[in-house]
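Understanding the architecture of this molecule
Listed below are the residues making up each chain.
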Amino acid sequence: MANLASYSIPNLIQGVSQQPDAQRDPSQAEIQINGMSSLADGLRKREHSAAIAKVSTASFGDVYFHSILRDAGEKYLVVIGKTAIKVFDLNGVEKTVSAPSGYGYLSTVVSATQDIRAATIADYTFISNTKKVPAMDAALAPATARPATHEALVWVKAANYGQTYTVNVNGTAASVQTAVAPVIVSGSTTTENRISTATIAESLRTALAGVSGVTITRNGSVLHLTSSSAITIAANDARANADITAITNSVQAFTELPTIAPTGYQIEVTGDPGNQFDGYYVKFVPRSGAGTFGEGSWEETVSPGVTYKLDPATMPHLLVRLSKGTFYFGPANGSTQSGTVLPSWGQRVAGDYDTAPDPSFVGQAIQDVFIYKNRLGFLADENVVLSRTRDFFEFFPETVTTVLDTDPIDITASNNRVSVLRYAIPYQDELIIFSDQIQFRFNAAETVLTPATAVITVLTQFEIDPNCRPIPVAGTIIFCQANGQWSQFRELSVRGAGTALVADASDLTVYLSSYVPSGVLRMTANDTSNVWFAISNAAGYQDRVYVHKFFFRNSGNGAERAQSSWSYWQFNGADKVLQILCVEEVLYCLMEYAGEVWLEKLPVADRATQASPLLDRQVTTTAETPTALRVAAGTYDPVAKTTTWTLPYTIKAPTQAWTTQGNAQKAGVLLGAASSGSTIVANGDWSTAAVSFGESYEFRYRFTRFKLYREIGGGKAAANVERTQIRHAKLRYHETTYFKAKVMAERRPEAVYTFDGTILGARDSKIGASDEARYCEGVFTIPIQAKGETTIVEILNDTPNPCRFSTCEWVGLITGPARSLQ
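All figures in this text were calculated on a predicted structure; none of them were measured in a lab.

**Points about the nonpolar core**
- In this structure, F533, V545, W569, I580, L587 and F693 are the most contacted members of the largest nonpolar core, which totals 35 residues.
- With four residues, strand 48 (residues 586-593) is the largest single contributor of residues to this core.
- When sequence neighbours within four positions are dropped, the list of residues in contact with V545 reads F533, A534, I535, S567, Y568, W569, F571, V577, I580 and L587.
- Among the nonpolar cores identified, the runner-up in size contains 34 residues, and Y701, A719, I782 and F805 belong to it.

**A short note on the environment of E151**
- Summarising the element assignment, E151 is placed in strand 12 (residues 151-156).
- Taking C-alpha positions, E151 is 77 Å from E560, a pair spaced 409 residues apart along the chain.
- What E151 contacts, discounting residues up to four positions off in sequence, is R146, H224, L225, T226, I231, T248, P262 and Y265.
- Within the structure, E151 has its side chain in polar contact with the side chain of H224 (distance 2.8 Å).

**Some remarks on the pattern of salt bridges**
- Counted by the stated rule, this structure contains 37 salt bridges.
- The closest approach of N and O atoms between E202 and R218, which form a salt bridge, is 2.7 Å. Of the two residues, E202 is situated in helix 2 (residues 197-207) and R218 in strand 17 (residues 214-219); the sequence distance between them amounts to 16 residues.
- When its relative accessible area of 34% is taken as the criterion, R218 is described as partly exposed.
- K549 serves as the salt-bridge partner of D606, at 2.7 Å between the closest nitrogen and oxygen. Remark: K549 occurs in strand 45 (residues 544-555) and D606 occurs in the loop between strand 49 (596-603) and strand 50 (616-620); sequence separation between them is 57 residues. Exposure class is identical for D606 and K549. Each is buried.
- Residues joined in a network through salt bridges with shared partners are D41, R44, R607, E735 and R804.

**Details of the pairing of strand 39 (residues 476-483)**
- Here strand 39 lies mainly inside the structure; six of its eight residues are buried.
- Pairing geometry for strand 38 (residues 471-473) and strand 39, over three bridges, is antiparallel. Within strand 39, the residue paired with I471 across the bridge is I478.
- If you look at the hairpin formed by strand 38 and strand 39, you'll find two residues sitting between the two strands, and A474 has a positive phi there, around 50 degrees.
- Here strand 39 runs beside strand 40 (residues 486-495); their pairing, made up of seven bridges, is antiparallel. Within strand 40, the position partnered with I477 by the bridge is L492.

**Comments concerning the sheet that holds strand 35 (residues 430-435)**
- Strand order in the open sheet formed by four strands is 34-35-36-37, with antiparallel pairing between adjacent strands. Two strands in the sheet have a free side with no partner beyond their single neighbour: strand 34 (421-427) and strand 37 (454-460). Looking at each pair of strands side by side, their axes are set apart by 25 degrees on average, direction ignored.
- Relative to strand 36 (residues 439-444), strand 35 runs antiparallel, the two being bridged by four bridges. Pairing of I433 across the sheet is with F440, part of strand 36.

**A closer look at the packing of aromatic side chains**
- With the rule as written, the count across this model stands at 36 aromatic pairs.
- Considering the side-chain rings of F699 and F805, the 6.2 Å spacing of their centres and the 15 degrees angle between planes classify their relative orientation as stacked. Separated by 106 residues along the polypeptide, F699 in strand 57 (residues 699-703) and F805 in strand 66 (residues 804-815) bring together distant segments of the chain.
- On the accessibility criterion, F805 (0% relative accessible area) is buried.
- Through a chain of ring-to-ring contacts, three or more aromatic side chains come together here, namely F126, W345, F361, F378, F393 and F395.
- In this structure, K45 is placed above the aromatic ring of Y697, and the distance from its NZ or CZ to the ring centre is 4.5 Å.
- A cation sits over an aromatic face here: R46 above F571, 4.6 Å from the ring centre.

Rules used in this analysis
- Residues numbered from 1 in each chain as written.
- Predicted model: local features only at pLDDT ≥ 70, side-chain atom pairs only at ≥ 80, totals over all residues.
- Heavy atoms only, no water.
- Core = buried A, V, L, I, M, F, W, Y, C linked by side-chain atoms within 4.5 Å.
- Buried < 20%, exposed > 50% of the residue type's maximum accessible area, 1.4 Å probe, protein only.
- Helix = DSSP H or I, 4+ residues; strand = E, 2+ residues; numbered from the N terminus.
- Contact = heavy atoms within 4.5 Å.
- Polar contact = N/O pair within 3.5 Å; in protein donor to acceptor, adjacent residues only side chain to side chain.
- Salt bridge = Lys/Arg side-chain N within 4 Å of Asp/Glu carboxyl O.
- Pairing = 2+ DSSP bridges.
- Axes fitted to C-alpha atoms, helices over the stretch in contact; angles between N-to-C directions.
- Phe/Tyr/Trp six-rings, centres within 6.5 Å; stacked < 30°, edge-to-face > 60°.
- Lys NZ or Arg CZ within 6 Å of the ring centre and 35° of its normal.

Everything listed is a geometric property; what it means functionally is a separate question.
Set out below in C-alpha cells:
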C-alpha cells in the first residue's frame, strides 16, 4: 500500500557530514562549498573577497605569520623570515622595519612555520627562535672586583675597659691596652679615662704605620688596609673577638658588618655552615656625600665570580613599534632607537648558582612565549618560566634571603612521560599548557599566583599537532590533531573547581574524520559570529579556508550544542591561502597568485551585509576599492563600440565585469569576462558606469538523500523496509536572486531547474530602499519523480547574485510490504 507523505528538513545549517546517508541527519549535507551556515540568514552563499593591496611581487617563501592588534587604529600583519621581517597594516601598507643588528638571530631557523614563536604586549612583540638556545654572557660578577686581592677591613666594634686589642698584619703585631676603669682614684688623685672605638682604631693605625707596603686609612672605628702584595691579617681580643674583628671577604652573620666601608666592598654572609642555601652576598653603598670610604649601608648583591647576565644575542628578540608606522627589530640590549630606550634583560642581582640559579630556559630552546597574570612567560623543555610581576625582562629574584610574591616562577611539569611543552594558552583565570601528548593546567593553589602557590596538574591526555597553535574560542580551546593524511579538531573545556574539576576535549570532527587535510598551519576565530577558520599547506588543499560554525543553546541541563557546521570556501584563482586573521567580523587573507602576494578581506558576520556582486578578488571603479587598486574608468572605442578596462592584476581564474546599472528588475548586468591577461572588454559604452570586477565562484550544496527517517532511541534512522518515491521537493528561499537546482536520478539524464529572480521580478519583494535591489522570497518546487535513495539533489549558484535558504520539504509515496511496529 502506498501513502502520500511529506517530510520536513527544519534547517540547512548543519554543514557537512561524511557519515553514510542512512546515518546522516537530514539537516546535514554531503557537500557544502562556498556557503555560510547562518543562524540569522539560514544557508547562504558566502560573501566575496575584496582585494586590498599587493604586498609582495614575489613569494614570501618559508615564513611565519603573526598579527599585532594594538588598538582600534593600529592593526598589523607581521611576516617573519630568516633574513627579513615585513610589517603591513590591514590596508596592505608596508611599514618601515629597521634592524641595525641584522637578522642573525633568525639565521638558524630551519622551518619558519615550526621554529618561530611570537607574542605581543603593548608596543613590544617578543620573537623567539626555537633553534636558538639561550645562554649566559661569559662576563663574571662583579664588573669591578671588590675586595681586591690585597684588601681588608678591621672594625673596632666596641670599646671596653681593661681590654687588649691586637691586630697582626703580615707578621707585625700592634696592640692597644685600654684603661681598667673609667675613673681611677689613687690617693687624692682622680684620673678620668675616656675611650672610644674611633680612638682605639686610630691607635692601631698609628702602631701599624710601619708595616711595609701596606696603606692604612681610617674612618671612625674602621680601618681600611690595601697593598700591592698579599696581606695576612688577624685581629683578636680577650672576649672571643666580640670587640674587634678583621674582615676580608666573608662573615658568618650580617651583624658582623660595620656601617662604614669602602664603596662597592663585597662580603659573603655565610650563615649556617651546614646549609648552603642560607648564605648570601652584600656590597657596601655609601650614603650621599659620604665619599668612597664613609658611612652607608650594605645591600644584597651577586656572588663574585659567577656569570650574572643573560646574553641578549641568544634571547628572544624584540619587534618594537617606535612611532606610528616605524618598527625596530633586534635584541633587548638597552640601546636607544629613534628616541625610544629599549629595555634590557635583567641580571642576577643577588646570590649564586645555588641560591639564585639560572632560569631553566638557559641551555634549553624556548618553545613558546606568552603573557600571563602580568608576567612574561617562556616554555622551555618541561619547564614553565615566568618573569617577575610587572617586570617582563626580570628572570632572577630580587633577594635570596626570602621568597617574594613577585619573584620569578620556574616550575617543571612533572609526569611519568617526557613532556616537551609546546604552547601556553591563557584560559579564563588559568593557563592551559600543551605538550605533544598531554594537556596541563597551570594556576595558583591559592588566590594569588606566587612562586609558593604555583602548581601544574595534568588535565587531559590527547595528542596534538605541534605545528598548529591552539586558539581560545568562546570559553573553550580548539586544538588540532594530526591523523595521518587528515586532521581532527578537539574542543577543550574545563568545568568546576578544586576536587570537582572536570576537563574534556570533545571531538569536533567525529562525523568527518577525513575532511580537513593534514598540515594545518593556522586557525583564527570570530567569537561574535560563533565561527572559526583553518588553513592547510597540504598539496591540493592550499586554496581553501575550512569553516566551522557553531552555536550553544542554554537548556535545563546547561549548554547544548545546537550547531556544529563544517564546510570549506574555495578561492579559485589563488595558489595558496598563506595567512588568515579575523578582526571585527572581517576575515583578512594573504593570498598567493603565481608568486605575487595579495591582501584580501571578506565579511564573516552571521547576518550578510553584502551590497556588491559576489565576486572574489574584487576590485571596482568606485571608492569601495583602495586608490592604488581602483580600476580606472573604461575606455570607450566608438568604432568597435566596446569599452575596455585594465585590472590591477593578471587574471588567474575566470573573471567577470558586472554593473548594477540598467534594468531595475535585474540585480546586475554581466558586461564581459576574461580568463587571462589583465583587460576585460564589454559591448557598448560603459565608460561612466560603476563596475565591479572579480573571479566568479560557485556555491554548491548537496542534500542528504531524500528518504524516510524514523525516530529511534532519541535519534534518527533511515527506514529500510519502506520505499520512498519522491515526487518533488519544496525549497524555501528568501532574499534570493538566483540559484539552480540539479537533480541526478539513477539511469536518467540530470535535470537542472533555474530560479532567476532577475527575470521573475514581479514575484519578488523589495529589501532596501533601491528599486534596483530586488530579492525574491517564496517556495521553489524541485521536480524529482525518482526513488529518494538513488537520487542526488544539489542547489548551486555560480553567479554574483545572492541566495539564502531556510527549510526544505519533500513529498513522496511511501510504499512497504510490511508495517513497522516501532
